[in-house]
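# Inside the fold
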Amino acid sequence: TDKGFIFDLDGVVVDTARYHYKAWNRLATQLGFVFTQEHNELLKGVSRKKSLDILLNIGNITASEDQKQQWMEAKNQEYLEYIQKMTPDEILPNVPYILKHLKEEGHHIALGSASKNAVQILQKIMLFDAFDVIVDGTHVSKAKPDPEVFLKAAQEMNIRPENCVVFEDAVAGIQAAKAANMYAIGIGKKEVLIAADEVFPDFTTMTPQFLGAIWNV
Ligand code: B16
Ligand code: MG
């Protein structure tokens, strides 16, 4: 068909936010300040570099670019240790069913993630082959809320942006999807993802009927 479905990774396909949190939290502790779960919300969907800047801002810390690079590398090393241990059990509920359904309907399926570790994660959870196109943090120069990642995915699927649906858990990701002129489905809380066209708490309440009706309303 001429429809494309773009999935964010962290927070949509898997819950890696808790691993990001553990790794950032270790850094914050080393630097001598408290980094809460609420603070971690600000990092969702945001690039590694931007995440560090937000974290340092919370701790009121300034640092040289060299120092920041070192901290980012240390954080990522720890994060990689967590994701090495991931298994397909960590795929969020109903995601495989929705992917299978969309494929059976002949739709195009893409990954649109800010993460530079996306391919490794997909391999660990055995979902690498489920995506026709993968656009991640290694392919883009502008992070969400810039639409680059999603526009690139649409282009590679050869589908017009207005015929694409994006599944996103982050505010910055919903903004990126809307800036790309796509239909944005939020995964999370309505109060948080206010700019989304529709919000579901997770994939368990999303039906094939709903997805099929998006372009007929
Ligand atoms: P990495 P997504 C994003 O992935 C995460 O939500 C965000 O918390 C993280 O900082 C970013 O990836 C970069 O990740 O350090 O692995 O390159 O939600 O866009 O799939
Ligand atoms: Mg996300």
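Residues numbered from 1 in each chain as written. Chains lettered and ligands numbered in written order. Predicted model: local features only at pLDDT ≥ 70, side-chain atom pairs only at ≥ 80, totals over all residues.

Looking at an unreviewed UniProt entry, the protein carries the name Beta-phosphoglucomutase, with the source organism given as Aquimarina addita. If you open the UniProt record of the protein and go to Cofactor (unreviewed entry), you find "Mg(2+)". (UniProt positions renumbered as here; feature names shortened; annotations may be inferred.)

All right, on to the overall build of the protein then. Per the secondary structure count, the protein includes nine helices and six strands. The C-alpha atoms of the protein give a radius of gyration of 17 Å, which matches the 17 Å a tight globule of 217 residues would have. With respect to the principal axes defined by its C-alpha atoms, the protein has extents near 55 × 30 × 30 Å. In the protein, once contacts between residues fewer than 6 apart in sequence are set aside, the share between residues at least 24 apart is 59%. (Helix = DSSP H or I, 4+ residues; strand = E, 2+ residues; numbered from the N terminus. Rg over C-alpha atoms; globule rule 2.2 N^0.38 Å. Contact = placed C-beta atoms within 7 Å.)

For a regular strand, side-chain orientation follows a simple rule: the groups alternate between the two sheet faces. For strand 5 (residues 183–187), a buried count of four out of five residues is recorded, marking the element as mostly surrounded by other parts of the structure. Bridge analysis of strand 4 (residues 164–168) against strand 5 gives four bridges, and the strand direction is parallel. Residue pairing in the sheet places Val166 in a bridge with Ala184 of strand 5. Here three bridges tie strand 5 to strand 6 (residues 198–200), and the two strands are oriented parallel to one another. (Buried ≥ 20, exposed ≤ 12 C-beta atoms within 10 Å, placed from the backbone. Pairing = 2+ DSSP bridges.)

Contact pair helix 3 (residues 48–58) / helix 4 (residues 65–84): the axes reach a minimum separation of 10 Å and the direction vectors enclose 110°. Considered as vectors, helix 3 and helix 4 are oriented roughly perpendicular to each other. Contact residues: Arg48, Lys49 and Leu52 in helix 3; Lys68, Trp71, Met72 and Asn76 in helix 4. Taken together, the residues of the contact of helix 3 with helix 4 sort by class into three nonpolar, one polar and three charged. (Axes fitted to C-alpha atoms, helices over the stretch in contact; angles between N-to-C directions. Parallel < 35°, antiparallel > 145°, perpendicular 65-115°, else oblique. Nonpolar A, V, L, I, M, F, W, Y, C, P; charged D, E, K, R; others polar.)

With that settled, the discussion passes to helix 3. Listing the buried residues of helix 3 in full gives Arg48, Ser51, Leu52 and Leu55. Seen along its axis, helix 3 keeps its buried residues to an arc of 100°; they face one direction. In this fold, the buried residues of helix 3 make contact with helix 1 (17–31) and helix 4. Following helix 3 by one or two positions, Asn60 adopts a phi angle in the positive range, close to 60°. (Arc of directions from axis to C-beta.)

Here we come to unusual backbone geometry. For the bond from Lys144 to Pro145, the omega torsion is 15°, close enough to zero to count as cis. One can find Pro145 in the loop between strand 3 (133–135) and helix 7 (148–157). In this structure, Met126 takes a positive phi of about 60° despite not being glycine. Located in the positive-phi region is Asn158, a residue other than glycine, with phi close to 65°. By the secondary structure assignment, Asn158 is in the loop between helix 7 and strand 4.

Turning our attention to the nonpolar core. Judged by nonpolar contacts, the single largest core of 52 residues is most densely connected at Ile6, Phe150 and Val166. Broken down by element, the residue count for this core peaks at six residues, all from helix 7. Apart from residues no more than four positions distant in its own chain, Val166 is found in contact with Ile6, Gly112, Phe150, Ala177, Met182, Ala184 and Ile185. (Core = buried A, V, L, I, M, F, W, Y, C linked by C-beta atoms within 7 Å.)

The subject of this paragraph is the packing of helix 1 against helix 4. In the contact formed by helix 1 and helix 4, the axes pass within 9 Å of each other and the chain directions differ by 140°. One way to sum up the angle between helix 1 and helix 4 is to call them oblique. Taken as a pair, helix 1 and helix 4 cross one another with a handedness that is right-handed. Contact residues: Tyr19, His20, Lys22, Ala23, Trp24, Arg26 and Leu27 in helix 1; Trp71, Ala74, Lys75, Glu78, Tyr79, Tyr82 and Ile83 in helix 4. Of the residues contributing to the contact of helix 1 with helix 4, the split by class is nine nonpolar, one polar and four charged. (Left-handed = near helix turned anticlockwise from the far one by under 90°.)

A separate point is the confidence of the model for the protein. The predicted model of the protein averages 96 in pLDDT, with 99% of residues at 70 or higher. Predicted complex, confidence summary: ipTM 0.93, pTM 0.94. (pLDDT = per-residue confidence, 0-100.)

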